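Notes for the structure review
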Amino acid sequence: MPLHVVVIGSGIVGASAAIELLRDGHRVTIVEPGTPGGPQAASYGNGAWLSPASIIPMSMPGLWKKVLGYLLDPGGPLTIRWRMLPRLAPWLIRFLRAGSTVAKVEATARRLSSLLHDAPSRHAALAAEIGAPDLVKRQGLLYAYPDRAAFEAEALAWRLRRDNGVRWIEIGAEELFQREPTLGRHYRFAVLVEDGGHCVDPGGYVAAIVAHVVGQGATLIQAEATGFDIAAGRLRAVTTSAGLIACDRVVLAAGIRSKALARAAGDRVPLESERGYHVVIADPAAGPRTPLMPSDGKMGNTMTRQGLRAAGQVELASVDALPDWRRADILLRHLLSAYPALDKGPLPDVARWMGHRPSTPDGLPVLGLASASSDIVYAFGHGHVGLAAGPVSGRLAADLVGGRQPGIDLKPFAATRF
Ligand SMILES: Cc1cc2nc3c(=O)[nH]c(=O)nc-3n(C[C@H](O)[C@H](O)[C@H](O)COP(=O)(O)OP(=O)(O)OC[C@H]3O[C@@H](n4cnc5c(N)ncnc54)[C@H](O)[C@@H]3O)c2cc1C
């Protein structure tokens, strides 16, 4: 039976849910306060990787031993605003516990793999469907190391990938130089995950999906969702800054802002922002031919339509704290050292961005039904992998709206797991 479904948020997850709901014959209204795919969304500024290999949780056994070193290193990949520590402590404790044993991270990797294993082909199909096939490329993803020993130091991560069907080829120094002539010669070993893909303009991609669904009959309302009108467990309406919107179902996909709305739907989800940054060098003099992650920089380097993008960094702070652009400058310094030709001549023209990874402490998204009403479907909390997992999450959300058994066991993703 066709339903009226309100999708809250139009990042990659909400946009993907909208297209799937239309496919199922529902009437769709998207509520979004910003521009779909605009810089307020994590979906705009991410690393653009569509990686079946992104199944390794941030929290791994022994991480706590490294954390202090990271925090004391002003140029490191992780920082915390110390004033926030008391508020963040419960999330951090859960985060460290989630990766405390190999068995736990094996389970997390398996669950993430169930979402990500076919991400590049799902994106290729989606981009083709909206008439923009050139936005998604499938030319692999490169992980570059100073030497083989540095790669082998990540043995657990690569073992988890292999166990979950990720395949790669090893590349020695000479071949790496042939493939990536502008990469610094201090990288002498790499692995290529051939199944990996990337998007050349994530924000433009989300905007194009939303334009497509509006062209197919969805309504886009520029407003902020503020809560729900629920009576006896049945959803009657979404309350928004533009008034009530009567509806049968909701898909909550508001990224980091989903926490308060999930609370209004009866669930306390420990969702925090792992703030991340990017820099984009327009018209770069050097850069990778294949998207590349230099192991020391812990950042994705990807050629996008806007230029060479380096995305990364984890900053734990409140959602509303001002950006600390020194974190973006760390990415820029890594780029200049990874591609020495960038460091010659005048300083390049650089755009900087900060955004919010909507992160749960166990590294898994929240996909399932709300406690206060099974008419509300959750699709948020995708942390580091939401671009890649957007289309499958959209499909799963539509399955839940339609009362169909999803093809993936969603118990590990329930909001009530916390
Ligand atoms: C630096 C960085 C690098 C990353 N790299 C990658 C990567 O390479 N690959 C990958 O797969 N993932 C990556 N990610 C993660 C990925 O970007 C996110 O997981 C994903 O974009 C989340 O999508 P979303 O649709 O849930 O949220 P968002 O994209 O944040 O969209 C949420 C939308 O909801 C709207 N909204 C907010 N409040 C309300 C409200 N009250 N009512 C209605 N709408 C509302 C917002 O305006 C926004 O448009 C990265 C993230 C960062 C920060």
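Before reading on, note that the structure itself is shown above.
What you are looking at is a predicted structure, and each value in this text was computed from that prediction instead of being measured.

This part is about the side chain of His123. Among the structural elements, His123 can be located in helix H6 (residues 119-129). Within the local environment of His123, its side chain forms a polar contact with the side chain of Tyr205, the two groups lying 2.8 Å apart. Residues in contact with His123, not counting those within four places in the same chain, are Ile12, Leu50, Val136, Tyr205, Leu387, Ala388 and Pro391.

This part is about the side chain of Glu315. Along the chain, Glu315 falls in strand E18 (residues 307-316). Reaching out from Glu315, the side chain makes a polar contact with the side chain of Tyr277 at a distance of 2.6 Å. If near-sequence neighbours (up to four positions away) are discounted, Glu315 is found in contact with Thr79, Arg81, Ser273, Glu274, Arg275, Tyr277, Asp324 and Arg327.

Here we come to helix H8 (residues 155-163). The set of residues buried in H8 consists of Ala157, Trp158, Leu160 and Arg161. Looking straight down H8, one finds its buried side chains confined to an arc of 155°; they lie on one side. Those residues of H8 that are buried lie in contact with helix H5 (102-116), strand E6 (141-145), helix H7 (148-152) and strand E8 (189-193). One or two positions beyond H8, positive phi appears at Gly165, with a value near 85°.

Okay, the pattern of salt bridges next. Counted according to the given criterion, the structure contains 25 salt bridges. The salt bridge involving Arg395 is made with Asp399; its shortest N-O contact spans 3.1 Å. Of the two residues, Arg395 and Asp399 are both situated in helix H13 (residues 386-401); the distance of four residues between them amounts to about one turn of the helix. For the residue pair Arg395 and Asp399, the accessibility class agrees, reading buried in each case. Beyond isolated ion pairs, a larger network of salt bridges with shared partners links Glu20, Arg23, Asp24, Glu129, Arg395, Asp399 and Arg404.

Cut-offs and rules
Residues numbered from 1 in each chain as written. Predicted model: local features only at pLDDT ≥ 70, side-chain atom pairs only at ≥ 80, totals over all residues. Heavy atoms only, no water. Helix = DSSP H or I, 4+ residues; strand = E, 2+ residues; numbered from the N terminus. Polar contact = N/O pair within 3.5 Å; in protein donor to acceptor, adjacent residues only side chain to side chain. Contact = heavy atoms within 4.5 Å. Buried < 20%, exposed > 50% of the residue type's maximum accessible area, 1.4 Å probe, protein only. Arc of directions from axis to C-beta. Salt bridge = Lys/Arg side-chain N within 4 Å of Asp/Glu carboxyl O.

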